[in-house]
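Spelled out, the chains give:
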Amino acid sequence: MFRRSGVQDRPGEGIGLAYVRTRVRRLEGEVTVDSILGQGSVFRISLPEDPTLSLQRLADEA
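Residues numbered from 1 in each chain as written. Predicted model: local features only at pLDDT ≥ 70, side-chain atom pairs only at ≥ 80, totals over all residues. Heavy atoms only, no water.

Caption draft 1: Local environment of the overall build of the protein. Secondary structure summary: the protein contains 2 helices and 2 strands in total. Ordering the α and β elements of the protein from the N terminus gives α-β-β-α. Within the protein, the proportion of its 62 residues that are buried is 13%. Sequence separation of at least 24 residues holds for 27% of the intrachain contacts in the protein that already meet a minimum separation of 6. (Helix = DSSP H or I, 4+ residues; strand = E, 2+ residues; numbered from the N terminus. Buried < 20%, exposed > 50% of the residue type's maximum accessible area, 1.4 Å probe, protein only. Contact = heavy atoms within 4.5 Å.)

Right, here's the structure in full:
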């Protein structure tokens with residue numbers, strides 16, 4: 001079972017987003033979101049152009 005530590009005051013952030021954010025950060029990337037109430041959200045994942053070293057680090061952690 002997954003549960004975010006600390007105060008549970010951000011609805012809609014479950015294991016999926018937490019997992020993606022963790023993996024993207026390990027690849028030295030960034031996850032951003034633009035949201036408009038009643039219209040939806042757009043999530044963007046930005047990764048370095050040459051993530052070779054980050055990919056190797058992930059492989060070493062597995």
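Caption draft 2: Structural view of a nonpolar patch on the surface. Residues Ile 15, Tyr 19, Val 20, Ile 45 and Leu 47 make up a contiguous nonpolar surface patch of roughly 490 Å² in combined accessible area. Element by element, the count of residues in the nonpolar patch is highest for helix 1 (residues 15-26), at 3 residues. Structurally, Leu 47 can be placed in the loop between strand 2 (40-46) and helix 2 (52-61). (Patch = residues over 30% accessible without salt bridge, like charges linked within 9 Å, V, L, I, M, F, W, Y side chains within 5 Å. Areas by Shrake-Rupley, 256 points an atom, 1.4 Å probe, with all protein chains shown as cover. Salt bridge = Lys/Arg side-chain N within 4 Å of Asp/Glu carboxyl O.)

Caption draft 3: How the structure looks around the environment of Glu 61. Looking at where Glu 61 falls in the secondary structure, it is placed in helix 2. Discounting residues that sit within four places of it in the chain, Glu 61 has contacts with Arg 23 and Arg 26.

Caption draft 4: Here's a closer look at the environment of Asp 50. By the element assignment, Asp 50 lies in the loop between strand 2 and helix 2. Judged by relative accessible area, which is 59%, Asp 50 ranks as exposed. Along the chain, Asp 50 and Leu 27 lie 23 residues apart, while their C-alpha atoms are 10.0 Å from each other.

Caption draft 5: The pairing of strand 2, seen in detail. Across 7 bridges, the pairing between strand 1 (residues 30-36) and strand 2 is antiparallel. Across the sheet, the residue bridging to Thr 32 is Arg 44, located in strand 2. Counted along the chain from strand 1 to the antiparallel partner strand 2, the turn is 3 residues long, and its residue Gly 38 has a positive phi close to 80 degrees. (Pairing = 2+ DSSP bridges.)

Caption draft 6: Just the pattern of salt bridges, in detail. Scanning the model with the defined rule gives 1 salt bridge in all. Close ionic contact of Arg 44 with Asp 34 constitutes a salt bridge, the shortest N to O distance being 2.4 Å. Pair noted here: Arg 44 is in strand 2 and Asp 34 is in strand 1, with a separation of 10 residues, a long-range link. Among the residues examined, Asp 34 registers a relative accessible area of 44% and is labelled partly exposed.

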